[in-house]
Amino acid sequence: MVATAELEVPSLALIERYGITGPRFTSYPTALSFDEAVGETQFLEAIARSNDALIPAPLALYLHIPFCRSLCYYCGCHKKVTRNLSVVQQYLTAMHKEIALKGELFDSDRVVNQLHFGGGTPTYLNAGQRKALIECLNKHFDLSSADERDFSIEIDPRTMTPAEMHGLAKLGFNRVSFGIQDFDPAVQKAVNREQRYSEVEALVRAARDAGFQSVSVDLIYGLPNQTTASFAKTVEQVVALRPDAMSVFNYAHLPDRFPAQRLISTEDLPDAATRIQIFRDSAEQLGKAGYDYIGMDHFALPDSYLGLAKRAGKLHRCFQGYATGAGNETVGFGVSAISHVGDGYFQVRKDLPHYLTDIEHGKLAVARGYVTDRDDRRIASVIQALMCHAVCRKAHWEAEFKLPFDPFFAGEIKKLRPLVDDGLVIEDAKEISVTPLGVAFLRTIAGCFDRSHIPRKTQCSSNV
């Protein structure tokens, strides 16, 4: 494990050299490799094989609620801004049917120990709609009631009241994530997401009173009008709330891909040097406040569920980021949601009209996916180890896959050489380990093992 106290904040030169954009490796291969040739047939086959396993894996359910009441200009999530409640009701009717359809496919004794409502804005739904979804899930799946379950929901603080936080707890949610992004008024106005610190503070207090086991917050740096001083103040305010975990995301300005970002003036964005300094300052600030560096852009208190999982070697990388459900199979519901069952990934249609039509006709609305082969799984194992534990032990990998590590990854080890020379990685006969200086570059290091851009038939080891 690498804790924040052991994190050596890298120099500006190293960040400029290795702090590149790239896959976040919430899956391997990533969604960019998904193919429309993989659809419902392959999904059904994967579920059947999964049910037939000697010990079927427990389940994690993900529900995507795409609706938002207003447009946040920075957002790259799959969403639909609307106040048309009839559209929302149509969607919920379809989602209830989708839950029933998929519930029939999985053996009834497969316990659900993870549940996540994401978006969009899950708290766009009113209390009655949320309750109806939970009741539908309970009817068609075996939702765990154990204390160690992980039932979480993302919250836009502008859509909730303290009283409603208690309602979420009664439904079984025990972890909550608040989307804050920034508390500075000038930044909030520039991205069309204005909210007061006092409102968030009241919600966090209510979550604690309601018995939530974990409270986390999301921040974004690199937004318009941000400065090192303004973001440091936001971090200070968040630390005062004492969340169990927080994410400090780097804003990616991609207006050609996300049209809403065209409403942001590029002249108002902090330059590269400022963004780098914000990251450095935030890491130091959070370290002094007692937060461990979990990996990527995640920080957590040592006794939080993520902090404990990190030390116990039980951290897992999935579509929701860092989690504790290693070994679970994920079933996704709603537009754009991704299931990970057996050796395959299967994504629901992104367009709402076709999703509604498919579900109405009893189809599973699978638009595309990917079925992994042996090499994909061999590579994924290394990437998971590096992203979650900052070390890959070659003997463990060789015992699992019955292959010598170094010949299989000869090209990848060669790619690591510059990072080894710069003190970010140690590579020897026993392991590949990330140094305290290198943990800020996990995605770059893991990216050295990414072969997803190479056609399968030309991968040098595909016949091993």
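This structure is a prediction, so every number in the text was calculated from the model and none was measured.

## Structural notes on the environment of Ala252
Examined against the element boundaries, Ala252 turns out to sit in the loop between β9 (245-250) and α9 (272-288). A residue is classified by how much of its surface remains accessible, and Ala252, at 38% relative accessible area, is partly exposed. Sequence separation between Ala252 and Tyr221 is 31 residues, and the spatial gap between their C-alpha atoms is 9.5 Å.

## As for a negative patch on the surface
Residues Asp52, Asp107, Asp109 and Asp142 make up a contiguous surface patch of negative charge. Within the secondary structure, Asp142 is located in strand β5 (residues 142-143).

## So, the environment of Arg196
Its location among the elements puts Arg196 in the loop between α6 (185-191) and α7 (197-209). In this structure Arg196 comes out as exposed when scored by relative accessible area, which is 55%. Linking Arg196 and Arg377, residues 181 residues apart in sequence, is a C-alpha distance of 46 Å. Separated by 3.1 Å, the side chains of Arg196 and Glu199 make a polar contact.

## A few points about the packing of aromatic side chains
Each aromatic ring pair is specified by the distance between its two centres and by the angle formed by the two planes. Throughout the structure, instances matching the rule amount to 20 aromatic pairs. Relative to Tyr345, the ring of Phe34 lies with its centre 5.9 Å away and its plane at 20°, an arrangement referred to as stacked. In this pair, Phe34 sits in the loop between α1 (12-18) and α2 (40-51) while Tyr345 sits in strand β16 (residues 344-348), placing the two residues 311 residues apart along the sequence. You'll find Phe34 and Tyr345 in the same group, each marked buried. Relative to Phe408, the ring of Trp397 lies with its centre 5.6 Å away and its plane at 40°, an arrangement referred to as tilted. Here the residue Trp397 occupies a position in helix α13 (residues 394-401), and Phe408 occupies one in helix α14 (residues 405-408), the gap between them amounting to eleven residues. The same class applies to Trp397 as to Phe408, namely buried. Site record: aromatic cluster; members linked through ring pairs are Trp397, Phe401, Phe405, Phe408, Phe409 and Phe449. Between the NZ or CZ atom of Arg175 and the centre of the ring of Tyr305, over which it lies, the distance is 3.7 Å. Geometry around Phe408 places Arg451 over its ring, the cationic atom sitting 4.7 Å from the centre.

## Some words on the confidence of the model for the protein
On average, residues of the protein score 93 in pLDDT, and 96% of them are at 70 or above. Across residues 1-5 the pLDDT falls below 50, and counting only partners more than four positions away or on other chains, this stretch makes 15 contacts in the model. Confidence over residues 458-464 falls short of pLDDT 50; this stretch has 15 contacts with residues more than four positions distant or in other chains.

Reading guide: rules and limits
Residues numbered from 1 in each chain as written. Predicted model: local features only at pLDDT ≥ 70, side-chain atom pairs only at ≥ 80, totals over all residues. Heavy atoms only, no water. Helix = DSSP H or I, 4+ residues; strand = E, 2+ residues; numbered from the N terminus. Buried < 20%, exposed > 50% of the residue type's maximum accessible area, 1.4 Å probe, protein only. Patch = residues over 30% accessible without salt bridge, like charges linked within 9 Å, V, L, I, M, F, W, Y side chains within 5 Å. Areas by Shrake-Rupley, 256 points an atom, 1.4 Å probe, with all protein chains shown as cover. Salt bridge = Lys/Arg side-chain N within 4 Å of Asp/Glu carboxyl O. Lys, Arg positive; Asp, Glu negative; His and termini not counted. Charge placed at Lys NZ, Arg CZ, Asp CG, Glu CD. Polar contact = N/O pair within 3.5 Å; in protein donor to acceptor, adjacent residues only side chain to side chain. Phe/Tyr/Trp six-rings, centres within 6.5 Å; stacked < 30°, edge-to-face > 60°. Lys NZ or Arg CZ within 6 Å of the ring centre and 35° of its normal. pLDDT = per-residue confidence, 0-100. Contact = heavy atoms within 4.5 Å.

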